[in-house]
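Residue-level structure breakdown
The residues making up each chain are set out below.
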Amino acid sequence: MNELIMVHGAEPRKTLQNIIDEKMPAIMTYLSKGKWHVAKVMPTNLGANRLTVEVIMGEKPQPINIEVEQPVGMSIKYGYGKFIFDTSVINLEPAKDAASGGAVVLALPERVEIIQRRSYFRVSVPKSLKVNVMMWHRCCTDGNRRMSPERYWQGKLIDISAGGLQMAVDVSQEPDLRQRQFVGLRFTPMPYETPLMFSAQVRSVLPTPDGKTVCFGLQMVGLEASAEGRAVLQRICSVAEQYYQVNQSSAKQQDFQTTSPI
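Our subject in this report is the structure included herewith. Everything numeric in this text was worked out from a predicted model, so none of it was measured. (Residues numbered from 1 in each chain as written. Predicted model: local features only at pLDDT ≥ 70, side-chain atom pairs only at ≥ 80, totals over all residues. Heavy atoms only, no water.)

1. Some points on the pairing of strand β13 (residues 182–187)
Counted only if it meets this: Between any two strands, at least two bridges found by DSSP are needed for them to pair. Labels follow the DSSP assignment, with helices taken as runs of H or I lasting at least four residues and strands as runs of E lasting at least two, numbered in each case from the N terminus.
The pairing of strand β10 (residues 132–137) with β13 spans 4 bridges and is classified as antiparallel. Considered in β13, the bridge of Val-133 is made with Phe-187. Pairing between β13 and strand β14 (residues 196–207): 6 bridges, direction antiparallel. Counted as the bridge partner of Leu-185 is Phe-198 from β14.

2. Focus on the pattern of salt bridges
Oppositely charged side chains can pair when the atoms bearing their charge come close. Heads up, the condition is: Think of a salt bridge as a Lys or Arg side-chain nitrogen and an Asp or Glu carboxyl oxygen that are within 4 Å of each other.
Scanning the model with the defined rule gives 5 salt bridges in all. It is possible to trace a salt-bridge network through shared partners that takes in Asp-86, Glu-113 and Arg-230.

3. Comments concerning the side chain of His-137
The condition that has to hold: Think of it in three bands: residues with accessible area under 20% of the maximum for their type are buried, residues over 50% are exposed, and the middle band is partly exposed, with areas taken using a 1.4 Å probe on protein chains only. For this analysis, a polar contact is any N or O atom pair within 3.5 Å, provided that within protein one partner can donate a hydrogen and the other can accept it, and provided that sequence-adjacent residues contribute only side-chain to side-chain pairs.
Looking at where His-137 falls in the secondary structure, it is placed in strand β10. Accessibility expressed as a relative area gives 14% for His-137, which makes it buried. From its side chain, His-137 meets the backbone oxygen of Phe-182 in a polar contact 3.1 Å long.

4. Here we look at unusual backbone geometry
Unusually for a residue other than glycine, Lys-23 sits at a positive phi of about 55 degrees. Of note, Lys-23 is situated in the loop between α1 (10–21) and β2 (26–32). Owing to a relative accessible area of 61%, Lys-23 belongs among the exposed residues under this scheme. Notably, Glu-69 is not glycine yet its phi reads approximately 75 degrees, a positive angle. Counting through the fold element by element, Glu-69 comes out in the loop between β4 (50–56) and β5 (71–78). By relative accessible area, which is 67% here, Glu-69 ends up exposed.

Shown next as structure tokens:
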């Protein structure tokens, strides 16, 4: 079973210092006005009780709407997996040059958790299961930012990993989502289990060759930013492991039936 491994004490400092020395970028997630935002940052300095990260500006610079004392989540690909932790903003520093979006000073995390690399391999939903996914999105209707009623689409889960999932939606539902939009997701991974619910960002929108469905590639966001979110992430890792074991068992059974003498 996949597990989140917790790193305590001096090890987080050593890990973070290695990340700074090797110039490893990180992803910072945070809520602003009720919406999730994602920013790419570079850890640059480790103090006695703080971690400084510089905002990396992309081709289309986005404003960083973040405040002091605001909680944030961090995820960093490193070595044999991904490090995740939650912390809060201590201070904001102005940009030193045009290529930088400024610096965010974070409280040093008390603990860092590790997700094993294998948890990020996509696992197909077993053929014996039909997993329905509810996806919803809100959009503004006017300049006063009045929200329209939520729109829902129901699709079928195709595959899943600790980083994201793929689902297919029938075109008759007229899904009009675009890349980079944020959505809510809800599904029950195994019969009789408690449903999972979390936020995700649309990474790809691809019609199937037959033109009957649209496949959405979705990246989970914000789960590293709280203990509750990491508990959801732990369940997702377990679900991927369950699906993998079912697929392996089905493949072995099929091989046995194929090779058994008549």
